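What follows is the residue order along each chain.
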Amino acid sequence: MKSSEIRSLYLDFFREKGHSVVPGIGLIPFDDPTLLFTSAGMVQFKKFWATDTPLPYTRATTCQKCMRAGGKDSDIDKIGITGRHHTFFEMLGNFSFGDYFKKEAIEWAWEFVIERLKIPEELIWVSYYEKDDETKEIWKKFLPEERIIPLSEKDNFWGPAGDTGPCGPCTELYVDFGIEKGCGSNCKPGCECSRFLEFWNLVFPQYDKQKDGSLAPLKRRGVDTGMGLERITRIMQKTNSNYETDLFLPIVKEIERISGYSYDSEEKKPSFRITSDHIRAAVFLIDENVLPSNEGRGYVLRRIIRR
Ligand code: GLY
């Protein structure tokens, strides 16, 4: 399945479930001085949970351009080392603002993954926030308990994007690439090895993190999910990393042509990955009028180009 088909399938599925299909915003958040870049699909909707502003819709779905380079949400140092992180990527998401909550979010995630994407259900594992028994009980309708893994706040409490704003417990879906990719027989989601790939995070925003670090209740609780398009494409196209999917292969091939090196060389692979990741990030930043400079966003772009 092509990445463009996955994108459409996702948005169409949530449209069928009563969501408004809303355009993503740019990489430079228009009204959020707490963020260097748009780092998640939820950024444009923060005030829908945190204030009682009138709502144009109570359910939305988007495909959001994201940048995680510079600032708190940066993944820049992981690029090339893993085959699954990016500075620039696309995030598919479905959102509820005081509308549905955990039950529907989980049921629809399962339906989409098993019935629409047709991923074999025995490959799916999930993690949940260890104090969130409600989420565990919902998952038990679909999965045996040994594939429902409790994790701590570090892994399963998401947000806010930036220093303040909506945040809450989350539950993540993983695909199991098999014991031979793991680091030992007891390896589980949450392990940093290559056996489990987290591809979809379902967040249940309930709190509004304040400047002093305290957690106030949100005006409207809800749902905020993020599925990495590059990761789900890798799963659907059964490639060894995100860089061999149709989202990256044309760039990798062009780097081979220009450089004369082969992506198949283990020694060169990290350079291919960094170059293809960073060229996408640079192009999308320049498209939004960010230019290399010595500070802020321009400095991040300069660092990306130099690297
Ligand atoms: N906001 C959900 C995520 O970024 O995973």
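This write-up is about the structure you can find in this document. (Residues numbered from 1 in each chain as written. Predicted model: local features only at pLDDT ≥ 70, side-chain atom pairs only at ≥ 80, totals over all residues. Heavy atoms only, no water.)

### Thoughts on the packing of aromatic side chains
At step 1: The final tally for this structure, using the stated rule, is 27 aromatic pairs.
At step 2: When the ring of Phe48 is compared with that of Tyr57, the centres are 6.0 Å apart and the planes differ by 70°; the resulting orientation is edge-to-face. Both residues of the pair, Phe48 and Tyr57, count as buried.
At step 3: When the centroid spacing of 5.1 Å and the interplanar angle of 55° are considered together, the rings of Trp49 and Phe97 count as tilted. (Phe/Tyr/Trp six-rings, centres within 6.5 Å; stacked < 30°, edge-to-face > 60°. Buried < 20%, exposed > 50% of the residue type's maximum accessible area, 1.4 Å probe, protein only.)

### Brief notes about unusual backbone geometry
It is generally the case that most residues other than glycine have a negative phi and that most peptide bonds are trans.
At step 1: Along the chain, Gly159 connects to Pro160 via a cis peptide bond; the corresponding omega equals 0°.
At step 2: Mapping Pro160 onto the fold places it in the loop between strand S6 (157-158) and strand S7 (165-176).
At step 3: Even without a glycine there, the phi angle at Lys118 is positive, about 60°.
At step 4: By secondary structure assignment, the location of Lys118 is in the loop between helix H3 (102-116) and strand S4 (124-129).
At step 5: A relative accessible area of 62% places Lys118 in the exposed class.
At step 6: One non-glycine residue, Lys238, lies in positive phi territory at about 50°. (Helix = DSSP H or I, 4+ residues; strand = E, 2+ residues; numbered from the N terminus.)

### With respect to a nonpolar patch on the surface
At step 1: On the surface, Ile286, Leu291 and Ile305 cluster together to form a nonpolar patch covering roughly 290 Å² of accessible area.
At step 2: Locating Leu291 in the fold gives a position in the loop between helix H8 (269-287) and helix H9 (296-306). (Patch = residues over 30% accessible without salt bridge, like charges linked within 9 Å, V, L, I, M, F, W, Y side chains within 5 Å. Areas by Shrake-Rupley, 256 points an atom, 1.4 Å probe, with all protein chains shown as cover. Salt bridge = Lys/Arg side-chain N within 4 Å of Asp/Glu carboxyl O.)

### Here's the deal with the pairing of S7
At step 1: Where burial is concerned, most of S7 is hidden: 12 out of the 12 residues are buried.
At step 2: As judged from the 5 bridges shared by S4 and S7, these two strands associate in the antiparallel manner. Bridged to Ser127 within S7 is Glu172.
At step 3: With 2 bridges connecting them, S6 and S7 associate as antiparallel partners. (Pairing = 2+ DSSP bridges.)

### With respect to the nonpolar core
At step 1: Grouped together as the largest cluster of nonpolar side chains are 48 residues, with contacts concentrated most on Ile119, Ile124, Trp139, Leu173, Phe199, Trp200 and Ile232.
At step 2: By residue number, the principal contributor to this core is H3, which donates 8 residues.
At step 3: Setting aside its immediate chain neighbours within four residues, Trp200 contacts Tyr10, Phe14, Asn94, Ala109, Phe112, Val113, Thr171, Glu172, Leu173, Thr225, Gly226 and Met227.
At step 4: Core analysis: the next-biggest nonpolar cluster, separate from the first, contains 21 residues, Met42, Tyr57, Phe89 and Phe95 among them. (Core = buried A, V, L, I, M, F, W, Y, C linked by side-chain atoms within 4.5 Å. Contact = heavy atoms within 4.5 Å.)

### What to know about the environment of Glu104
At step 1: Mapped onto the fold, Glu104 is located in helix H3.
At step 2: Separated by 77 residues in sequence, Glu104 and Lys181 have C-alpha atoms that sit 33 Å apart.

### Here's the deal with helix H7 (residues 249-259)
At step 1: Those residues of H7 not exposed but buried are Val252, Ile255 and Glu256. Down the axis of H7, the buried side of the element spans an arc of 105°, and every buried residue falls inside it. Along H7, the residues that are exposed and aim more than 90 degrees away from the buried face are Pro250, Arg257 and Ile258.
At step 2: In the core, the buried residues of H7 are packed alongside H8.
At step 3: Phi for Gly260, located one or two positions after H7, is positive at around 80°. (Arc of directions from axis to C-beta.)

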